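In case you want the letters, here they are:
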Amino acid sequence: SAKGYYSPADNQIVIKNGLSQQQEIKTMIHEIAHSLLHNSEKLKDKKISRNDMEVQAESVAYTVCSAIGIDTSDYSFGYIAGWSQGKEIKELKNALDLICDTASSMIFHVENKLTERYEEKYGKKHGESALIDIQGEMEKTQKHRGLHK
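What comes next is a walk through the structure. (Residues numbered from 1 in each chain as written. Predicted model: local features only at pLDDT ≥ 70, side-chain atom pairs only at ≥ 80, totals over all residues. Heavy atoms only, no water.)

### A look at the overall build of the chain
Applied cut-off: We count a stretch as a helix when DSSP gives it H or I for four or more residues in a row; a strand needs E for two or more, and each element gets its number in order from the N terminus. With a 1.4 Å probe rolled over the protein chains alone, any residue whose accessible area is under 20% of its type maximum counts as buried; one over 50% counts as exposed, and the rest are partly exposed. Here, two residues are considered to be in contact whenever any of their heavy atoms come within 4.5 Å of each other. Values of accessible area rely on a 1.4 Å probe in the Shrake-Rupley scheme; residue burial ignores everything except the protein chains shown.
Scanning the chain from terminus to terminus reveals six helices and two strands. Each helix and strand of the chain, ordered N terminal to C terminal, gives the series β-β-α-α-α-α-α-α. The buried share of the chain, reckoned over its 149 residues, is 32%. Partitioning the intrachain contacts of the chain with sequence separation of at least 6 by distance along the chain shows that 58% fall at a separation of at least 24. When the accessible surface of the chain is totalled, it reaches about 9,800 Å², and 52% of it is carbon and sulfur.

### Description of the side chain of Gln56
The residue Gln56 is located in helix 3 (residues 50–67) in this model. Not counting residues up to four positions away in its chain, the partners in contact with Gln56 are Leu37, His38, Ile48, Ala95, Leu98 and Ile99.

### A word on the packing of helix 3 against helix 5 (residues 89–122)
For the record, the criterion: To get an axis, a line is fitted to the C-alpha atoms, and for a helix only the part in contact is used. The angle between two axes follows their N-to-C directions and goes from 0 to 180 degrees. In this scheme, roughly parallel covers angles under 35 degrees and roughly antiparallel covers those over 145, while 65 to 115 is roughly perpendicular and the rest are oblique. The handedness criterion is simple: a crossing whose near helix is rotated anticlockwise from the far helix by less than a right angle is left-handed, and one whose near helix is rotated clockwise is right-handed. In this classification, the charged set is Asp, Glu, Lys and Arg, the nonpolar set is Ala, Val, Leu, Ile, Met, Phe, Trp, Tyr, Cys and Pro, and all remaining amino acids, among them Gly, are polar.
For the pair helix 3 and helix 5, interaxial distance at closest approach is 9 Å and the crossing angle is 45°. When the axis of helix 3 is compared with that of helix 5, the two are oblique. As for how helix 3 packs across helix 5, the hand of that crossing is right-handed. The segment helix 3 lies against helix 5, with Val55, Gln56, Ser59, Val60, Thr63, Val64 and Ala67 engaging Leu92, Ala95, Leu98, Ile99, Thr102, Ala103, Met106 and Ile107. By residue class, the composition of the contact of helix 3 with helix 5 is eleven nonpolar, four polar and no charged.

### Comments concerning the pattern of salt bridges
What counts, and what does not: Salt-bridge detection follows one rule: a side-chain nitrogen of Lys or Arg within 4 Å of a carboxyl oxygen of Asp or Glu.
Per the stated rule, a full pass over the model turns up five salt bridges. In this structure, the salt-bridge partner of Lys87 is Asp52, at a minimum N-O distance of 3.0 Å. Note that Lys87 is positioned in the loop between helix 4 (73–83) and helix 5 and Asp52 in helix 3, a separation of 35 residues in sequence. Classification of Lys87 as partly exposed rests on a relative accessible area of 24%.

### A short note on the nonpolar core
Rule in force here: Among buried residues, those of type Ala, Val, Leu, Ile, Met, Phe, Trp, Tyr and Cys that are joined through side-chain atoms within 4.5 Å constitute a nonpolar core.
Ile29, Ala33, Val60, Val64 and Met106 are the most contacted members of the largest nonpolar core, which totals 15 residues. Apart from the residues lying within four places of it in its own chain, the contact partners of Ile29 are Ala61, Val64, Cys65, Ile68 and Met106.

### Observations regarding the environment of Val14
Along the polypeptide, Val14 turns up in strand 2 (residues 12–15). In this structure the C-alpha to C-alpha distance between Val14 and Thr27, which are 13 residues apart in sequence, comes to 9.6 Å. Setting aside chain neighbours within four positions, we find Val14 in contact with Gly4 and Tyr5.

### Observations concerning the pairing of strand 2
Remember that side chains alternate between the two faces of the sheet whenever the strand is regular. Basically, it comes down to this: Pairing between strands is defined by DSSP: at least two bridges between them are needed.
Looking at chain direction, strand 1 (residues 4–7) and strand 2 are connected through four bridges and run antiparallel. Residue pairing across strands places Tyr6 opposite Ile13, the latter belonging to strand 2.

### Details of helix 3
Using the following cut-off: Residue count minus one, scaled by 1.5 Å, sets the expected span of a helix.
Here helix 3 spans 26 Å end to end across 18 residues, near enough to the 26 Å set by a 1.5 Å rise per residue. The inward-facing, buried residues of helix 3 contact helix 1 (21–37), helix 2 (40–43), helix 4 and helix 5.

As structure tokens, then:
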């Protein structure tokens, strides 16, 4: 059953209650990917199958989650395989640029938000030391929350 959905008509994301923290984060990222890739404006002049939309959104979610230290491979690989059945490799490769661009943008925004929060909490730091400190804080938080193996 669906763990969440994005409604283009309302531009609204809904996430099912009772998910684990890791699944909730992954589902939110998946639905945000839908909102970026498959909103009414983007789909206005395009025909895209539900299968393609699900492959794109889950691929973005997997990539973003991997970048922030959440391993969703057990769920994501099966999900992507199920929605991409019958697709040719060429069709899947054609979606990679869109998937990579969307994931990169989301990762950029997450990193910026983390940097803002870090600077609010610890004061301004510039350069690589702040990023190393942020990564260390993320790992501690993820281990504490059981998100990092």
